Amino acid sequence: MDRIVYPTALKAGSKIAVTAFSAGVSEAFHPRLELSLAYLRDSGFEVISGECLKENNQHVSASDQHRAQELMTFLCDDSIDGIAPPWGGEFAMEVLPLLDFERLKTAKPKWLFGFSDISTVAVALTSRLGWSTAHCANLMQLIGNESEALTAATIPHLMHAQRGYDFAQRASSHYQLHGKSFADNPHTVLNATQPNAWKTTSYSNQATIRGRLIGGCLDTLQHLLGSEYCDLSVLQHRYGDDGIVLYLENAELTSTALKRALLGLKLKGVFSQINGLLIGRNAQMEQGVKDISSQQALLDVVSELSIPVIYDMDIGHLPPNLTLFNGAMAQVSLDNGIGSVRQWLR
């Protein structure tokens, strides 16, 4: 079995490159970006800002060639320890065929962290190279006055992330449904007002799922699963007898599109290759299309699976976000409404 590669833990003096290989940051959001960059510097890191960052046109920071070239430059620079895109976007898929994965096999592994469209590249690095990557709060959510526990712990987890790290996280008590605009309120923090409860399809309201993690945004991963960029057969070989725990979250799919996406994964045999399924809170939960809600669309498919399923977790576009290390061994538990995740980087 190929070994999971954990990049060197971040520390004071580590160099972090900031590049937007998907959506860039338009001028109205520059004050918030500067606060997030200052947070990294105040945490002791040296920050390098890329050219593909402070513009956004047609949902991207630059051409696909420019974004891929800059990402490759940072990935191949052995003085760099981490790569932090500001946030996600729509078209990270464009850069995947432009990355030289053969060349990257000789590069020093480095942390790529964030969620949304960032997971498009993160799962490819884990699947193709065996590098662990982190699904967690985005850089633009990280500023010095953020006190929400899961969010504030993001960088500390990355500063402990090395082989042998063992840690647990509990479900948040509340989540954010509506937040203030970063453009109008650069200093805003999470507005976690909605009571939080993880759920399971088990009639006993108890579930335990154990295996190695992989996942991200369903909007893009529905297209990558089964491709060379997220090949579960490769991951099964890499993870060995530990097996796969797949986590997914819906950002923008309507209820009907969500059901089609999940049915598509079922038809591809995705759910037969995993130990269990984790689903993040649905960012389109309020939408009902053609008399079917997003929750009904989800449950119509996952309730019939023969694997344990836990949903409405702290994963995705209704923050806060757990820090999940792709490739790490995890045990996810739900017991009478109390949810937790323990991870072992081994």
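Above this text is the structure in question.
Residues numbered from 1 in each chain as written. Predicted model: local features only at pLDDT ≥ 70, side-chain atom pairs only at ≥ 80, totals over all residues. Heavy atoms only, no water.

Colleague: Help me understand the overall build of the protein in this model?
Modeller: The secondary structure content of the protein amounts to 10 helices and 18 strands. Taking 2.2 N^0.38 as the reference for a compact globule, 346 residues should give roughly 20 Å; the C-alpha atoms of the protein span a radius of gyration of 19 Å, in line with that estimate. The C-alpha extent of the protein, read off along each of the three principal axes, is 50 × 45 × 35 Å. Per-residue burial over the protein gives 57% buried out of 346 residues. Sequence separation of 24 or more characterises 80% of the internal contacts of the protein that already satisfy a separation of 6 or more. If you sum the accessible surface of the protein, you get close to 13700 Å²; carbon and sulfur atoms cover 48% of it. The average position of the 27 basic charges and that of the 35 acidic charges among the side chains of the protein differ by 6 Å. (Helix = DSSP H or I, 4+ residues; strand = E, 2+ residues; numbered from the N terminus. Rg over C-alpha atoms; globule rule 2.2 N^0.38 Å. Buried < 20%, exposed > 50% of the residue type's maximum accessible area, 1.4 Å probe, protein only. Contact = heavy atoms within 4.5 Å. Areas by Shrake-Rupley, 256 points an atom, 1.4 Å probe, with all protein chains shown as cover. Lys, Arg positive; Asp, Glu negative; His and termini not counted. Charge placed at Lys NZ, Arg CZ, Asp CG, Glu CD.)

Colleague: Just to check I follow, could you spell out the sheet that holds strand β3 (residues 82-83) for this structure?
Modeller: Where strands meet in a sheet, backbone hydrogen bonds hold them as pairs that are either parallel or antiparallel. Read across the open sheet, the six strands follow the order β2-β1-β3-β4-β5-β16; overall the sheet is mixed. With partners counted over all chains shown, the strands left at the sheet margins are β2 (46-49) and β16 (324-325), one partner each. As defined by bridge partners, β3 adjoins strand β4 (residues 111-114) across two bridges and the pair is classed as parallel. Within β4, the position partnered with I83 by the bridge is L112. Each of β1 (15-18) and β2 touches helix α1 (residues 30-42); the most contacted strand, β2, lies at about 150 degrees to it. The sheet contacts of helix α4 (residues 118-129) involve β4 and β5 (134-135), and relative to β4 the element is tilted by about 145 degrees. (Pairing = 2+ DSSP bridges. Axes fitted to C-alpha atoms, helices over the stretch in contact; angles between N-to-C directions.)

Colleague: Where do I start with the packing of aromatic side chains in this structure?
Modeller: In this description, an aromatic ring pair is defined by two values, namely the gap between the centres and the angle between the planes. Evaluated as defined, the whole model comprises five aromatic pairs. Measuring from ring centre to ring centre gives 6.1 Å for F101 and Y229, while their planes differ by 45 degrees; the resulting arrangement is tilted. Taken together, the positions of F101 in helix α3 (residues 101-104) and Y229 in the loop between α7 (218-224) and α8 (232-239) put the pair 128 residues apart, joining distant regions of the chain. Classification of Y229 as buried rests on a relative accessible area of 13%. Between F167 and F325, the aromatic rings sit 5.9 Å apart at their centres with planes inclined by 85 degrees, giving edge-to-face as the arrangement. Note that F167 is positioned in strand β6 (residues 166-170) and F325 in strand β16, a separation of 158 residues in sequence. Classification of F167 as buried rests on a relative accessible area of 6%. Taken together, the ring pairs connect W111, Y165, F167 and F325 into an aromatic cluster. Lying over the aromatic face of F101, R128 brings its terminal NZ or CZ to 4.3 Å of the ring centre. If you follow R210 out to its NZ or CZ, it ends over the ring of W344, 5.0 Å from the centre. (Phe/Tyr/Trp six-rings, centres within 6.5 Å; stacked < 30°, edge-to-face > 60°. Lys NZ or Arg CZ within 6 Å of the ring centre and 35° of its normal.)

Colleague: Would you mind showing me how to read α1 here?
Modeller: The terminal C-alpha atoms of α1, which comprises 13 residues, lie 18 Å apart, in line with the 18 Å expected from a rise of 1.5 Å per residue. Within α1, the full set of buried residues consists of H30, R32, L33, S36, L37, Y39 and L40. For α1, the elements touching its buried residues are β1, β2, α5 (149-152) and α6 (154-158). The first or second residue beyond α1 is G44, which carries a positive phi of 100 degrees. (Expected span 1.5 Å × (residues − 1).)

Colleague: Quick question: what am I supposed to make of the sheet that holds strand β12 (residues 276-280) here?
Modeller: Judged by pairing direction, the sheet is mixed, and its eight strands sit side by side in the order β6-β18-β17-β10-β11-β12-β15-β9 without closing on themselves. At either end of the open sheet lies a strand with only one pairing partner, and these are β6 and β9 (199-200). Inspection of the sheet shows β12 paired to strand β15 (residues 309-313) by three bridges, in the parallel sense. Directly across from L278, in β15, lies its bridge partner I310.

Colleague: Looking at this structure, I do not really get the environment of G240. What am I missing?
Modeller: Mapped onto the fold, G240 is located in the loop between α8 and β11 (244-249). Of the residues examined, G240 reaches a relative accessible area of 27% and is grouped as partly exposed. With 164 residues separating them in the primary sequence, G240 and C76 have C-alpha atoms 28 Å apart.

Colleague: Hey, could you run me through unusual backbone geometry in this one?
Modeller: Across the chain, the bulk of peptide bonds are trans and the bulk of non-glycine residues have phi less than zero. Omega for the bond connecting P319 with P320 falls within 30 degrees of zero, at 20 degrees, which places this linkage in the cis form. With respect to the element layout, P320 can be found in the loop between β15 and β16. You will see that N205, though not glycine, has its phi angle at about 60 degrees, which is positive. Relative to the helices and strands, N205 is located in the loop between β9 and β10 (206-217). The phi dihedral of D312 is positive, around 60 degrees, even though this residue is not glycine. Structurally, D312 can be placed in strand β15.

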